[in-house]
Amino acid sequence: MIPEEHTVPFATDGLVYHRDPPPGTREHWILVDGPSVVTGRDGTLLSDPAACRTVLADDPDRFMIGYDPRGSWCAVPISGSVLLPDGYARTHLRSLYGVIPDDLLGIASRAVALSRFFHTHRFCGICGAEMNRKEDEIATLCPSCGHIGYPVINPVVIVCIRQGDRILLARSPRFLPAVYGVIAGFVEAGETLEQAVAREVAEEVGIAIDTIRYRCSQPWPFPHSLMVGFTASYAGGSIRIDPNEIGEAGWYSYESLPTLPAAGSITRILIDLVVEEISRDTKS
Ligand SMILES: [Zn+2]
């Protein structure tokens, strides 16, 4: 598992869903617009309902996302047409990493993920009726046919591959030109996570791997993924990239790596883990 010094940004820890929080429970609001949340004049998350009301004209539609010792937390979806006062901003969640405490970032991430779920599940997939929010759990309920919809979470495998003291890094055609990452892809129906890892690596860079080992995971609410992180060892073949998925890929010495994604992503957590392991093996 991941060493203690690594935290996993965007993870929501310790929130429990209660239909009816105890009376007198303090309410916190998080204003959500797409992948962004509203921040106040000090640049931090706006969560005091009184301050939120200065932004919103009416008592807004909101839903509870969980309860912790500080009180209950509600997501308040706002439309793009809501004008914010001077100094307030719609701030992308990713820009808040390292700016607000990780626990608040995790709560904001859940607010973003569930706002998207309710927004994209307004109608029943079976009969087309307008869905209601279910009261006893986080889900939607069709008043006509009884169909229940649960939040969508798409698993994505991501793997950092090692060959001796080198690491396989790849650049996506969609990434900033100079930033390198590792191989990742959506799990397909019927696959185990390990099978998905081996398939994605074979498809994207044409090599075989073994010693596929689960290391850590990270919720990635852009829009609704769960990144499942692995490490693996090179087992054969030479690099042959899929140009639709990969711009460039190669083996890099752990001592001279190209520009990597900033801290906060599971890509960086996995690369840092493997670098630490190679470094330890090299010294012993
Ligand atoms: Zn229905």
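Residues numbered from 1 in each chain as written. Predicted model: local features only at pLDDT ≥ 70, side-chain atom pairs only at ≥ 80, totals over all residues. Heavy atoms only, no water.

Novice: What am I meant to see in the pattern of salt bridges here?
Specialist: A side chain of one charge can pair with a side chain of the opposite charge when the charged atoms of the two come close. This model, assessed by the stated rule, comprises 16 salt bridges. One salt bridge connects Glu200 with Arg199, and the closest N-O pair in it is separated by 3.1 Å. Both residues of the pair, Glu200 and Arg199, count as buried. Across the pair Arg199 and Glu203 runs a salt bridge, and its minimum N-O distance is 3.2 Å. Taken together, the positions of Arg199 and Glu203, both in helix 3 (residues 193-205) and four residues apart, correspond to about one turn of that helix. For Glu203, a relative accessible area of 43% corresponds to the partly exposed category. (Salt bridge = Lys/Arg side-chain N within 4 Å of Asp/Glu carboxyl O. Buried < 20%, exposed > 50% of the residue type's maximum accessible area, 1.4 Å probe, protein only. Helix = DSSP H or I, 4+ residues; strand = E, 2+ residues; numbered from the N terminus.)

Novice: Would you explain the coordination of the zinc ion in this entry?
Specialist: Ideal geometry at a metal gives 109.5 degrees between four tetrahedral donors and either 90 or 180 degrees between six octahedral ones. Ligation of the zinc ion by protein atoms is provided by Cys124 (SG), Cys127 (SG), Cys142 (SG) and Cys145 (SG), these donors lying 2.3 to 2.4 Å from the ion. Coordination geometry of the zinc ion: the four donor atoms subtend angles of 100 to 119° at the metal centre, consistent with an arrangement described as tetrahedral. Summarised as a motif, the one-chain spacing of the donors to the zinc ion is C-x2-C-x14-C-x2-C. Linking Cys124 in the loop between helix 2 (102-120) and strand 6 (132-133) with Cys145 in the loop between strand 7 (140-141) and strand 8 (148-149), this pair joins segments that are 21 residues apart in sequence. (Donors = N, O, S within 2.8 Å, 3.2 Å for Na, K, Ca; no water. Tetrahedral: all angles 85-135°; square planar, octahedral: opposite > 155°, others 65-115°.)

Novice: Would you mind going over the nonpolar core with me for this structure?
Specialist: What tends to happen in soluble globular proteins is that the nonpolar side chains get buried as a cluster. Core analysis: the biggest nonpolar cluster contains 44 residues, and Ile30, Val37, Ile65 and Leu169 have the highest contact counts within it. Mapped onto this core, the elements with two or more residues apiece are strand 1 (27-33), strand 3 (63-68), strand 4 (71-77), helix 2, strand 9 (154-163), strand 10 (166-171), strand 12 (208-220) and helix 4 (266-283). Looking at this core, the element that brings in the most residues is helix 2, giving nine residues. Among the domains, domain 1 (27-120) and domain 2 (154-283) are the pair contributing at least three residues each to this core. Leu169 has contacts with Tyr180, Gly181, Val182, Glu248, Ala249, Gly250, Tyr252, Leu257, Pro258, Leu260 and Ile271, leaving out every residue within four places of it along the chain. Core analysis: the second largest hydrophobic core is formed by 18 residues, Val157, Val228, Phe230 and Ala232 among them. (Core = buried A, V, L, I, M, F, W, Y, C linked by side-chain atoms within 4.5 Å. Domains from an automatic or database assignment. Contact = heavy atoms within 4.5 Å.)

Novice: Just to check I follow, could you spell out the environment of Ile278 for this structure?
Specialist: Looking at the secondary structure, you find Ile278 in helix 4. Through-space distance from the C-alpha of Ile278 to that of Asp165 is 5.9 Å; in sequence the pair is 113 residues apart. When residues no more than four places from it in sequence are discounted, the contact partners of Ile278 are Arg162, Gly164, Asp165, Arg166, Ile167 and Tyr254.

Novice: Looking at this structure, how should I read the domain arrangement of the chain?
Specialist: As assigned here, the chain comprises domain 1 (27-120) and domain 2 (154-283). Just the C-alpha atoms count here: the centres of domain 1 and domain 2 sit 32 Å apart. Contact residues are listed per partner, giving nine residues for domain 1 and seven residues for domain 2. Buried area between domain 1 and domain 2, summed over both chains or domains, comes out near 580 Å², and the portion from carbon and sulfur atoms is 77%. Looking only at domain 1, the three residues that lose the most surface to domain 2 are Arg94, Tyr97 and Arg116, adding up to 61% of its buried area. Applying the counting rule to domain 1 against domain 2 returns zero salt bridges. Taken together, the links from domain 1 to domain 2 amount to zero residue pairs in polar contact (both at pLDDT 80 or more). (Buried area = accessible area lost by both parts, 1.4 Å probe. Polar contact = N/O pair within 3.5 Å; in protein donor to acceptor, adjacent residues only side chain to side chain.)

Novice: Just checking my understanding: could you explain the side chain of Thr91 for this structure?
Specialist: With respect to the helices, strands and loops of the structure, Thr91 is situated in strand 5 (residues 89-92). Among the residues examined, Thr91 registers a relative accessible area of 15% and is labelled buried. In this structure, Thr91 is in contact with Pro35, Ser36, Val37, Thr39 and Leu96, ignoring residues within four places of it in sequence.

Novice: Explain the sheet that holds strand 8 here, please?
Specialist: Adjacent strands of a sheet form backbone hydrogen bonds with each other and so pair up, either parallel or antiparallel. As summarised here, the arrangement of the three strands in space is 6-7-8, forming an open sheet in which the pairing is antiparallel. Since the sheet does not close on itself, it has two edges, and those belong to strand 6 and strand 8, each with one partner. Pairing geometry for strand 6 and strand 7, over two bridges, is antiparallel. Paired with Asn132 across the two strands is Leu141, which belongs to strand 7. (Pairing = 2+ DSSP bridges.)

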